[in-house]
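# Chains, contacts and geometry: an overview
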2 protein chains.
Amino acid sequence: MNDATHPSLLLDQQLCFALYAASRSMTAAYRPLLDELGLTYPQYLTMLVLWEQDGLTVRELGQRLQLDSGTLTPLLKRLQQAALISRERRRSDEREVEICLTPEGRALREPAKAVPACMASRLCLSHEDMQRLRDELKQLAAQLSPPQAWLPPRTQT
Amino acid sequence: MNDATHPSLLLDQQLCFALYAASRSMTAAYRPLLDELGLTYPQYLTMLVLWEQDGLTVRELGQRLQLDSGTLTPLLKRLQQAALISRERRRSDEREVEICLTPEGRALREPAKAVPACMASRLCLSHEDMQRLRDELKQLAAQLSPPQAWLPPRTQT
DNA sequence: CAAAATTAAATTGTGTACAATTCAATTTTT
DNA sequence: AAAAATTGAATTGTACACAATTTAATTTTG
């Protein structure tokens, strides 16, 4: 009764499920560390971006994290409530909301520095294997969501 | 000002973010296909399990998908509303709820057979590379959530 | 066997994700 | 410059995730 013209529908054969399960395991593994910092996992990723570059707009943060305003707006409101960031309309363009770290938000970077090392030790992967896996996942994501590469480059109307 | 005793806090260096982004890209890539079937991504995974083995309990489904009743109960209610499954207390143990496919649920397997092939063609990965990546992700997840292996085996109180 | 402990689902509450819509500000067209 | 189109956030509504609690059924203990 097997139909060899189709790949398997078995759960354990699916790359998508392995990815989904691994991603949730990773989030769960971060949770106790991030609890110490008072951050959720997406909030931590957001702080990583802001520690790199302060004063981004919601749109720029969204591009970096690949999240839209529907996700970011409430998340950023919570970071603001936690006094880690400020949200202010730009004078130059009142549509844009600029996100800036508060002193507390900037200070949180210090204890956060221990997080990547702590996780790395849990992974039992060499730095090289870690990099390779990371880059394979980036390529996979790029393959799945080519940045509208197929859209014609507006030759004419 | 770099502190070489710590791994990087840069977003693009993080395996966790690559995993998180890839997982969401994968879900997004499945969405148009699953819309045709009237399923969400977690609902599709649930159906994969049931097409393999019908009549599982909520607990058994949860073990397979690594999801708890807080997630599964409402998801299964929606599958029941869509007339794809039935939910019934077991006579043998009234605590357990048995999930069975309806004829419609079983029939949905046919159009679903096209889904893995369609996704595979999007990935531009050889079957071997796909398997390797999948197995690396499984190992990563296993490493991150060892089934309480470190808990002492209850030697004494 | 009755009380205590355990188990399986369901419920409650918080926090994402994301499509679709709304609203206000800005830019482009006419 | 006024109308039309576009843009950036916010809002609305649906669907997960998951911790914590509750409830009911079953099993274990004393």
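This report concerns the structure included in the present document. Remember, it's a predicted structure, so these values are computed and weren't measured experimentally.

What follows concerns the overall build of chain A. In terms of regular secondary structure, chain A is built from eight helices and three strands. Reading chain A from its N end, one meets helices and strands in the order α-α-β-α-α-β-β-α-α-α-α. The proportion of buried residues among the 157 residues of chain A is 40%. When contacts within chain A are restricted to residue pairs at least 6 apart in sequence, long-range pairs at least 24 apart make up 51% of them. Carbon and sulfur atoms make up 51% of the accessible area of chain A, which amounts to about 9,000 Å² in all.

Take the protein's contact with DNA strand C next. T40 and Q43 of chain A together with Y20, S69 and K77 of chain B are the nearest of the 27 residues found near DNA strand C. In DNA strand C, atoms within 4 Å of the protein come from the sugar-phosphate backbone in 77% of cases. Contact distances for DNA strand C include 2.8 Å between a phosphate oxygen and a backbone N or O atom of R59 of chain B. Within the backbone of V97 of chain B, one N or O atom sits 3.4 Å away from a phosphate oxygen of DNA strand C. Of all the secondary-structure elements, those providing two or more residues to the surface near DNA strand C are α2 (41-52) and α4 (69-81) of chain A together with α1 (15-37), α3 (58-65), α4 (69-81) and β2 (85-89) of chain B. Class assignment for the residues of the surface near DNA strand C results in five nonpolar, nine polar and 13 charged.

The full count for this structure, using the stated rule, is eight aromatic pairs over all chains. Geometrically, the ring pair formed by Y30 of chain A and Y44 of chain A is tilted, given 5.7 Å between the ring centres and 40° between the ring planes. With Y30 of chain A in helix α1 (residues 15-37) and Y44 of chain A in helix α2, the pair connects residues that are 14 residues apart, well separated along the chain. One aromatic cluster is present, formed by F17 and Y20 of chain A together with Y30, Y41 and Y44 of chain B through successive ring pairs. When the ring centre of Y20 of chain A is taken as origin, the NZ or CZ atom of R24 of chain A, which lies over that ring, is 4.4 Å away.

Surrounding DNA strand D, one finds 26 residues, the nearest of these being Y20, S69 and K77 of chain A together with T40 and R78 of chain B. One of the backbone N or O atoms of R59 of chain A is found 2.7 Å from a phosphate oxygen in DNA strand D. The contact in question runs from a phosphate oxygen of DNA strand D to an N or O atom on the backbone of E94 of chain B, over 3.0 Å. For the surface near DNA strand D, the secondary structure elements donating two or more residues are α1, α3 (58-65), α4 and β2 (85-89) of chain A together with α2 (41-52) and α4 of chain B. Grouping the constituent residues of the surface near DNA strand D by class yields five nonpolar, eight polar and 13 charged.

With that settled, the discussion passes to the sheet that holds strand β3 (residues 97-101) of chain A. Residue and element names in this part refer to chain A. Pairing within the open sheet is antiparallel, and its three strands lie in the order β1-β3-β2. Each edge of the sheet is formed by a strand with only one pairing partner; in this case those strands are β1 (56-57) and β2. The sheet contact formed by β2 and β3 spans five bridges and is antiparallel. Pairing of E88 across the sheet is with E98, part of β3. Strand contacts of α4: β2 and β3, with the helix running at about 125° to β2, the strand carrying the most contacts.

Moving on, we get to the relation of the copies chain B and chain A. With an axial shift of 0.0 Å and an RMSD of 0.0 Å, the rotation relating chain B to chain A amounts to 180°. Such a combination of rotation and displacement between the chain copies is what one expects of a two-fold axis. It is S23 of chain B whose C-alpha, among those of chain B, lies nearest the rotation axis, at 3.3 Å. An overlap of 100% is found between the interface residues of chain B and their copies at the interface of chain A, pointing to a shared contact surface.

Tracing the chain through its elements places Q14 of chain B in the segment before α1. The exposure class of Q14 of chain B is buried, given its relative accessible area of 6%. Filtering out sequence-adjacent residues up to four positions away, Q14 of chain B remains in contact with Y30, L48, P116 and R134 of chain A together with S8 and L9 of chain B.

Below, the discussion takes up the nonpolar core. Within the largest apolar cluster, 98 residues are counted, with the highest numbers of intra-cluster contacts made by M26 and L45 of chain A together with M26 and L45 of chain B. Apart from residues no more than four positions distant in its own chain, M26 of chain A is found in contact with Y41, M119 and L123 of chain A together with L15, C16, L19, L140 and L144 of chain B.

Cut-offs applied
- Numbering of residues begins from 1 in every chain and follows the order in which that chain's sequence is written.
- As they are written, the chains are lettered A onward and the ligands numbered 1 onward, keeping that order.
- Given that the model is predicted, a residue must reach a pLDDT of at least 70 before its local features are reported, and side-chain atom pairs must reach 80 or more before they are shown or counted; all residues, however, enter totals for whole chains, interfaces and linings.
- The side-chain values count all of the structure's non-hydrogen atoms but skip hydrogen atoms and water molecules.
- Numbering goes from the N terminus for both helices and strands, where a helix is a DSSP run of H or I of at least four residues and a strand is a run of E of at least two.
- Exposure categories follow from relative accessible area, calculated using a 1.4 Å probe and restricted to protein chains: below 20% of the type maximum is buried, above 50% is exposed, and the middle band is partly exposed.
- In what follows, a contact means two residues having at least one pair of non-hydrogen atoms within 4.5 Å.
- Where accessible areas are quoted, they stem from the Shrake-Rupley method and a 1.4 Å probe; at the residue level, only the protein chains shown are allowed to cover.
- Near, as used in this document, describes a residue that has one of its heavy atoms within 4 Å of the molecule or strand being considered.
- Polar contacts, as counted here, are pairs of nitrogen or oxygen atoms within 3.5 Å of one another; within protein the pair requires one atom able to donate a hydrogen and one able to accept it, and residues that are adjacent in sequence qualify only if both atoms are side-chain atoms.
- Lys, Arg, Asp and Glu make up the charged group, whereas Ala, Val, Leu, Ile, Met, Phe, Trp, Tyr, Cys and Pro make up the nonpolar group; the residues left over, Gly among them, are polar.
- For Phe, Tyr and Trp, rings pair up if their centres lie within 6.5 Å, where Trp contributes its six-membered ring, and each pair is then called stacked (planes under 30 degrees apart), edge-to-face (over 60) or tilted (otherwise).
- Our definition puts a charge over a ring when NZ of Lys or CZ of Arg is within 6 Å of the ring centre and also within 35 degrees of the ring normal.
- In short, DSSP must find at least two bridges between two strands for them to pair.
- In this analysis an axis means a line fitted to C-alpha atoms, helices contributing only their contacting stretch, and an angle means the value between N-to-C directions, from 0 to 180 degrees.
- Least squares is the method for superposing the copies, and the C-alpha atoms it fits come from residues with pLDDT of at least 70 in both.
- Side-chain atoms within 4.5 Å link the members of a nonpolar core, which is a set of buried Ala, Val, Leu, Ile, Met, Phe, Trp, Tyr and Cys residues.

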